[in-house]
Amino acid sequence: FVIETKNKIIAMEWIKYILKAIFIIVLQVLVFDRLHIQAWGYPMVYILLLLTLPTQLPRWVEMLIGMLVGLIMDVCNNSLGVHMAACISLCFCRPILLRKSSQDIERIKGEISSLNIGMVEYMKCALILVVMHHFMVFMLEAWSLHNWWMIILQTLLSSILTLLVILGYEIIRR
């Protein structure tokens, strides 16, 4: 009976996460992809799905989820693997960064959030991962350092927009 109840709880968590993923991806494609500041800033809120992945996931599952989310965004944005590469990189760096920033990351069950590790630690991790992700996206899109200042400007403005949305989400979630 206990095992059956635990499996139901795990299944409910996955269903909740899948519904959240569908909602955020649809929101990204229909709303946030159309919100931009000239050609300089694009909020990429879909990476919230990767930032909040549970810590108990095996590394390969986390990377696979990153690949799938990136692939979906590449298909929606007609970008040839740019988002997939950036999402896989984010998923690769995330556990390392979480272990460095939070001493007791192993005790956390479920999704990573400001409720679990604290708002300051969560936003520090989010800042590093968002800037890294965005820099990779814009670098791969440009495929050159010829206009390096434009890549830096796009990365900074897009990171600020994305972090503002993530912060708003975390505040509402509390």
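Residues numbered from 1 in each chain as written. Predicted model: local features only at pLDDT ≥ 70, side-chain atom pairs only at ≥ 80, totals over all residues. Heavy atoms only, no water.

Chemist: Before we move on, could you go through the nonpolar core and cite the residues and values that matter?
Modeler: Core analysis: the biggest nonpolar cluster contains 38 residues, and Tyr-46, Leu-50, Leu-51 and Tyr-122 have the highest contact counts within it. Examining the composition of this core, we find that eight residues originate from one element, helix α6 (residues 119-142), more than from any other. Ignoring anything within four residues of it in the chain, the contact list for Tyr-46 reads Ile-24, Gln-28, Val-69, Met-73, His-83, Cys-87 and His-133. (Core = buried A, V, L, I, M, F, W, Y, C linked by side-chain atoms within 4.5 Å. Buried < 20%, exposed > 50% of the residue type's maximum accessible area, 1.4 Å probe, protein only. Helix = DSSP H or I, 4+ residues; strand = E, 2+ residues; numbered from the N terminus. Contact = heavy atoms within 4.5 Å.)

Chemist: A description of the packing of helix α3 (residues 59-77) against helix α4 (residues 82-101) should follow, citing residues and the corresponding values.
Modeler: Relative to each other, α3 and α4 sit at 150 degrees, their axes nearing to 7 Å. What the angle tells us is that α3 and α4 run roughly antiparallel. Crossing hand, α3 versus α4: right-handed. Along its contact with α3, which presents Arg-59, Glu-62, Met-63, Gly-66, Met-67, Val-69, Gly-70, Leu-71, Met-73, Asp-74 and Asn-77, the element α4 presents Val-82, His-83, Met-84, Cys-87, Ile-88, Cys-91, Phe-92, Arg-94, Pro-95, Ile-96 and Arg-99. Residues of the contact of α3 with α4, tallied by class, amount to 13 nonpolar, four polar and five charged. (Axes fitted to C-alpha atoms, helices over the stretch in contact; angles between N-to-C directions. Parallel < 35°, antiparallel > 145°, perpendicular 65-115°, else oblique. Left-handed = near helix turned anticlockwise from the far one by under 90°. Nonpolar A, V, L, I, M, F, W, Y, C, P; charged D, E, K, R; others polar.)

Chemist: An account of the packing of aromatic side chains is needed here, citing residue identities and associated values.
Modeler: Counting across every chain of the model gives two aromatic pairs. Judged by centre distance (6.1 Å) and plane angle (80 degrees), the rings of Trp-14 and Tyr-17 are edge-to-face. In this pair, Trp-14 and Tyr-17 both sit in helix α1 (residues 2-30), three residues apart, roughly one turn of the helix. On the basis of relative accessibility, which here comes to 33%, the residue Trp-14 falls in the partly exposed class. When the centroid spacing of 6.1 Å and the interplanar angle of 35 degrees are considered together, the rings of Tyr-42 and Phe-138 count as tilted. Of this pair, Tyr-42 sits in the loop between α1 and α2 (48-51) while Phe-138 sits in helix α6, and the two are 96 residues apart along the sequence. Residue classification places Phe-138 among the buried residues on the basis of a relative accessible area of 2%. (Phe/Tyr/Trp six-rings, centres within 6.5 Å; stacked < 30°, edge-to-face > 60°.)

Chemist: So what's going on with the side chain of Thr-155? Residues and values would help.
Modeler: Its place among the elements puts Thr-155 in helix α7 (residues 148-173). For Thr-155, a relative accessible area of 4% gives the class buried. Among the polar contacts listed, one links the side chain of Thr-155 to the backbone oxygen of Ile-151, at a separation of 2.7 Å. If near-sequence neighbours (up to four positions away) are discounted, Thr-155 is found in contact with Val-131, His-134, Phe-135 and Phe-138. (Polar contact = N/O pair within 3.5 Å; in protein donor to acceptor, adjacent residues only side chain to side chain.)

Chemist: Tell me about α7, residues and numbers included.
Modeler: Taking 1.5 Å of rise per residue, the 26 residues of α7 would be expected to cover 38 Å, and the 37 Å separating its terminal C-alpha atoms lies within 8% of that figure. Looking at α7, one finds that the buried residues are Ile-151, Gln-154, Thr-155, Ser-158, Ser-159, Thr-162, Leu-163, Ile-166 and Glu-170. (Expected span 1.5 Å × (residues − 1).)

Chemist: Please give an account of the environment of Ser-144 that cites residues and values.
Modeler: Relative to the assigned elements, Ser-144 resides in the loop between α6 and α7. Residue class for Ser-144 comes out partly exposed when judged on its relative accessible area of 29%. Along the primary structure Ser-144 and Ile-65 are separated by 79 residues, whereas in three dimensions their C-alpha atoms are 28 Å apart. Excluding residues that lie within four positions of it along the chain, Ser-144 makes contacts with Met-139 and Ile-151.

So, to be careful, I would describe these as geometric facts and stop short of saying anything about function.
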